[in-house]
Amino acid sequence: MRRLPAVLVALVAAGVLLTGCDSVAPAAFACKVDPTTPDLVKDREAAGIADCSALPTEAGATDLPDITLDCLGSTSSISLADVKGPAIVNFWSTTCVPCREEMPVLQQFHEAYGSQVPLLGVNYLDTYPGAAIDFARLKGVTYPSAADTCGDLQESDLILKVLPQFFFVRADGSFEQVAGGIDSLDEVVAMVKQNLGIDLAAKATP
């Protein structure tokens, strides 16, 4: 059996690893991971990511897909359809540069306004959740996050062609989809006012 040239092997590997932010591809490898493995438990404890149970939920509260996702901060799970508004759902990936750059800003939002408008991150199509957990630890991100490692949302009506992506969930269950890439806390506050009708600036903490 002929061996592939080393250059070709390297190119194939690069194609797998360097998935761009504007090109969401199906996962190529086995993606269902046991969340109770010692390595993942250790990573979770070190990261300090909040459990999804910290979010207000109600069965069928939103128009988002009823797809259950594993939480990064615990062994529990959450359905996007149960996220009760007002809330923000942010889709991200470790391979997406704008996602990585805006995460510290989202952490600032979580710390300042999370009690008024909860934030849920959804790690999308990273096939091993340990990498997402470790990345969140390095970024100091502790807001609740879930993971769609197998791309189950691709089977829904939700369209995610570009990452990062925001879904601003209103109290009545409807939502507004907005492209991400923010770089300041003020920008998130302005997006909340525009898409949820909530003036957080008037309720800023001292």
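Refer to the structure printed above.
What is the right way to look at the overall build of the protein chain in this model?
Scanning the protein chain from terminus to terminus reveals five helices and seven strands. In the protein chain, the succession of helices and strands from N to C terminus is α-α-β-β-β-α-β-α-β-β-β-α. Evaluated residue by residue, the protein chain yields a buried proportion of 43% over its 206 residues. Long-range contacts, defined here as pairs at least 24 residues apart, represent 71% of the contacts in the protein chain between residues at least 6 apart.

Looking at this structure, how should I read the pattern of salt bridges?
Two side chains with opposite charge may pair up if their charged atoms get near one another. For the structure on display, the rule yields three salt bridges. The salt bridge involving Glu58 is made with Lys84; its shortest N-O contact spans 3.4 Å. You can see Glu58 sitting in the loop between α2 (38-47) and β1 (68-71) and its partner Lys84 sitting in the loop between β2 (77-79) and β3 (87-92), a full 26 residues away along the chain. A residue is classified by how much of its surface remains accessible, and Glu58, at 42% relative accessible area, is partly exposed. A relative accessible area of 37% places Lys84 in the partly exposed class. Put simply, Glu176 and Arg170 hold a salt bridge, and the shortest N to O gap is 2.8 Å. Overall, the relative accessible area of 32% leaves Glu176 in the partly exposed class.

Honestly, the nonpolar core in this entry has me stumped. Any pointers?
Soluble, globular proteins show a tendency: their nonpolar side chains are buried together. With 55 residues, the main nonpolar core has Leu80, Ile88, Phe91 and Val192 as its most contacted residues. Ranked by residue count, the leading element in this core is helix α3 (residues 97-113), at six residues. Setting aside residues up to four positions removed in sequence, Leu80 forms contacts with Thr62, Leu64, Pro65, Ile67, Leu69, Val89, Phe91, Leu120, Val122 and Leu153.

Calculation rules
- Residues numbered from 1 in each chain as written.
- Predicted model: local features only at pLDDT ≥ 70, side-chain atom pairs only at ≥ 80, totals over all residues.
- Heavy atoms only, no water.
- Helix = DSSP H or I, 4+ residues; strand = E, 2+ residues; numbered from the N terminus.
- Buried < 20%, exposed > 50% of the residue type's maximum accessible area, 1.4 Å probe, protein only.
- Contact = heavy atoms within 4.5 Å.
- Salt bridge = Lys/Arg side-chain N within 4 Å of Asp/Glu carboxyl O.
- Core = buried A, V, L, I, M, F, W, Y, C linked by side-chain atoms within 4.5 Å.

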